[in-house]
Amino acid sequence: MKEIHIGVVIIAFNRLDLLEMLFDSLCCQKNNNIKGTFLIYVDYDEEGVILNDVNSLKDKYVKLNLNFIFRTKQLGLKVNVIDSVNDAFNNFSFDEILLLEDDLLLSPFAFNYIEQIISVVQDDHSVFGLSLYAQTSNPWNNWARNLSGEFLLSKVQFPCSWGSIIKRKYWMKFSISLVNYRITNFSKSIDLPKDIEAWNRGSSWKYELVLYCIKHNLYYIYPNCNYSIHLGNVGTHLNESSGAPLNSNLVSNEIDYESFIGTNSSSFFEFDVFFELLPYHFKGECFDKIGNDFTVDLFGLKSKYQNKKYCLTIKRCEHSICDFGNDIACNFNNIWFNIPGNTFHLAESNEIISTSNYELYYKYFVMNFRPNQKKKLLFSFIKYMFLRIL
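If you're wondering where the values come from, they're calculated on a predicted model, not measured in any experiment. (Residues numbered from 1 in each chain as written. Predicted model: local features only at pLDDT ≥ 70, side-chain atom pairs only at ≥ 80, totals over all residues. Heavy atoms only, no water.)

(A) Broad picture of the packing of aromatic side chains. A full pass over the atoms with the stated rule returns 29 aromatic pairs. Judged by centre distance (5.0 Å) and plane angle (85°), the ring pair of Tyr133 and Trp162 falls under edge-to-face. Taken together, the residues span a long stretch of sequence, with Tyr133 in the loop between β6 (127-131) and β7 (153-156) and Trp162 in the loop between β7 and β8 (164-167) at a distance of 29 residues. With 5.2 Å between their ring centres and 85° between their planes, Trp140 and Phe158 make a pair best called edge-to-face. Taken together, the residues span a long stretch of sequence, with Trp140 in the loop between β6 and β7 and Phe158 in the loop between β7 and β8 at a distance of 18 residues. Taking the relative accessible area as the measure of exposure, Trp140 reaches 11% and is therefore buried. Overall, Phe158 belongs to the buried group, its relative accessible area being 5%. Members of the aromatic cluster, joined through ring pairs, are Phe128, Tyr170, Trp171, Phe174, Tyr212 and Tyr220. (Phe/Tyr/Trp six-rings, centres within 6.5 Å; stacked < 30°, edge-to-face > 60°. Helix = DSSP H or I, 4+ residues; strand = E, 2+ residues; numbered from the N terminus. Buried < 20%, exposed > 50% of the residue type's maximum accessible area, 1.4 Å probe, protein only.)

(B) Summary view of the confidence of the model for the protein chain. When the pLDDT values of the protein chain are averaged, the result is 88; 88% of them are 70 or greater. The spread of mean pLDDT over the elements of the protein chain runs between helix α12 (residues 371-389), the lowest at 70, and strand β4 (residues 96-101), the highest at 97. In this model residues 240-245 is a low-confidence stretch, pLDDT under 50, and it forms five contacts with partners more than four residues away in sequence or in other chains. (pLDDT = per-residue confidence, 0-100. Contact = heavy atoms within 4.5 Å.)

(C) Representation of the sheet that holds strand β15 (residues 344-348) within the structure. Spatially, four strands are ordered β12-β13-β15-β14 in an open sheet, and the strand pairing comes out mixed. Sheet topology places β12 (294-297) and β14 (322-324) at the edges, where each strand pairs with a single neighbour. Across this sheet, the average inter-strand angle for adjacent strands is 15°, counted without regard to direction. (Pairing = 2+ DSSP bridges. Axes fitted to C-alpha atoms, helices over the stretch in contact; angles between N-to-C directions.)

(D) Molecular detail of the pattern of salt bridges. Taken as a whole and judged by the stated rule, the model has nine salt bridges. The salt bridge involving Asp102 is made with Arg15; its shortest N-O contact spans 2.6 Å. Placement of the pair is Asp102 in the loop between β4 and β5 (104-106) and Arg15 in the loop between β1 (4-12) and α1 (16-27), with a sequence separation of 87 residues. The exposure classification of Asp102 matches that of Arg15, with both residues buried. In this structure, the salt-bridge partner of Lys302 is Asp272, at a minimum N-O distance of 2.7 Å. On the criterion of sequence distance, the pair formed by Lys302 in the loop between β12 and β13 (310-313) and Asp272 in the loop between β11 (269-271) and α9 (285-288) is long-range, its members being 30 residues apart. Taking relative accessible area as the criterion, Asp272 reaches 10% and is therefore assigned buried. (Salt bridge = Lys/Arg side-chain N within 4 Å of Asp/Glu carboxyl O.)

(E) Region of the structure containing the sheet that holds β1. The mixed open sheet is built from nine strands, whose spatial order is β3-β2-β1-β4-β8-β6-β9-β7-β11. Edge positions in the open sheet fall to β3 (67-70) and β11, since each of these has one partner strand only. Between one strand axis and the next, the sheet turns through 25° on average, direction left out of account.

(F) Region of interest: the pairing of β8. Neither face of β8 is exposed, since Ser164 and Ile166 on one face and Ile165 and Lys167 on the opposite face are all buried. The sheet contact formed by β4 and β8 spans four bridges and is antiparallel. For Ile97, the partnering residue across the bridge sits in β8 and is Ile166. Where β6 and β8 come together, three bridges link them in antiparallel fashion.

(G) Structural detail: the state of the cysteines. In total, this model carries one disulfide according to the counting rule given. One disulfide bridge connects Cys286 with Cys322, the sulfur atoms lying 1.6 Å from each other. For the disulfide bridge between Cys286 and Cys322, the dihedral angle about the S-S bond is near -85°, and by the sign convention the bridge is left-handed. Residue Cys286 is located in helix α9, and its partner Cys322 is located in strand β14; the two are separated by 36 residues in the primary sequence. As far as the burial class goes, Cys286 and Cys322 line up, both buried. Distance from the sulfur of Cys28, which forms no disulfide, to the nearest cysteine sulfur (Cys27) is 6.7 Å. Owing to a relative accessible area of 45%, Cys28 belongs among the partly exposed residues under this scheme. (Disulfide = S-S within 2.5 Å.)

Below, the structure is given as structure tokens:
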């Protein structure tokens with residue numbers, strides 16, 4: 001295979017120990033076809049934590065040919081990310097940039113993954129970028145997604161900040177849109193997860209990018225196993241009380257994606273920003289009657305139902321067209337295999353009853369634990385509370 005030259009943009013602060021761990025993982029890459037120009041953008045190193053060690057870092061990691069850019073004032077995460085990616089694309093001829101933050105760790109096979117998928121998606125005009133991180137749970141309620149092997153790769157309308165490849169053409173259009181008009185006006189007409197709505201607009205660089213991807217029907221490719229992990233360190237969007245579930249596994253062997261997916265990504269399953277499978281993936285007698293005039297809300301997080309007449313939901317309904325059970329861990333598999341029961345419902349959107357978070361979490365609990373496990377968990381909880389009282 002021919003060499004692929006990419007820019008590796010690393011967003012750093014003053015965490016030298018974490019940065020060196022990231023460099024170590026970059027030096028251990030098994031792929032020799034990807035050549036990177038490493039650009040480290042340090043957001044105002046006032047105390048010289050990194051600046052004082054620049055020469056020793058360049059000597060230690062001579063294989064990476066490190067280039068450090070130090071900000072003269074603190075820009076904050078959002079501005080530093082956007083300006084750094086713009087700077088890299090404007091001053092170099094990369095077609096793709098690998099965007100990393102200094103508190104990430106990469107699998108030795110991350111570049112193998114990147115090389116294979118870049119060739120597959122190069123002509124796919126719906127792909128904005130490529131995630132190295134596997135989103136195995138829904139980030140908006142932490143429920144496990146339980147995807148099976150056929151979802152080795154999938155498209156999600158949500159950008160990844162824990163290691164991702166960004167395509168020049170789409171980033172530059174996004175960057176121009178930030179200057180020319182307010183993407184945020186578009187948010188009033190769509191349904192967004194409450195967590196996204198609550199993001200700090202001043203520090204989150206992904207808010208406008210989420211809106212841009214939805215507006216222009218663009219996706220990120222996600223693997224179902226991790227080529228990057230977050231080390232769980234406190235930062236701009238992660239504090240000690242956030243309770244964010246962090247995956248701790250990394251891919252330890254090369255995976256042959258090309259033999260699995262062929263030469264294009266048209267067959268990938270597509271998910272919206274709520275991590276719900278898109279309507280056209282559902283077939284059967286119930287759905288033949290209504291076409292794609294419905295939205296999917298199997299996690300129960302939507303409120304506007306995208307102005308669709310029908311909704312496939314976990315919420316209770318006054319009347320339903322079809323009902324499905326919950327015997328399979330992956331929620332939409334219950335619909336695919338027409339599992340009988342009363343957990344999921346296809347109904348008119350105006351028939352949906354407001355359902356409390358407590359009720360939704362109880363349904364999730366029932367779906368994901370066997371009867372004997374539920375008894376053990378309940379007994380353990382009662383015992384724990386009793387001991388605390390004593």
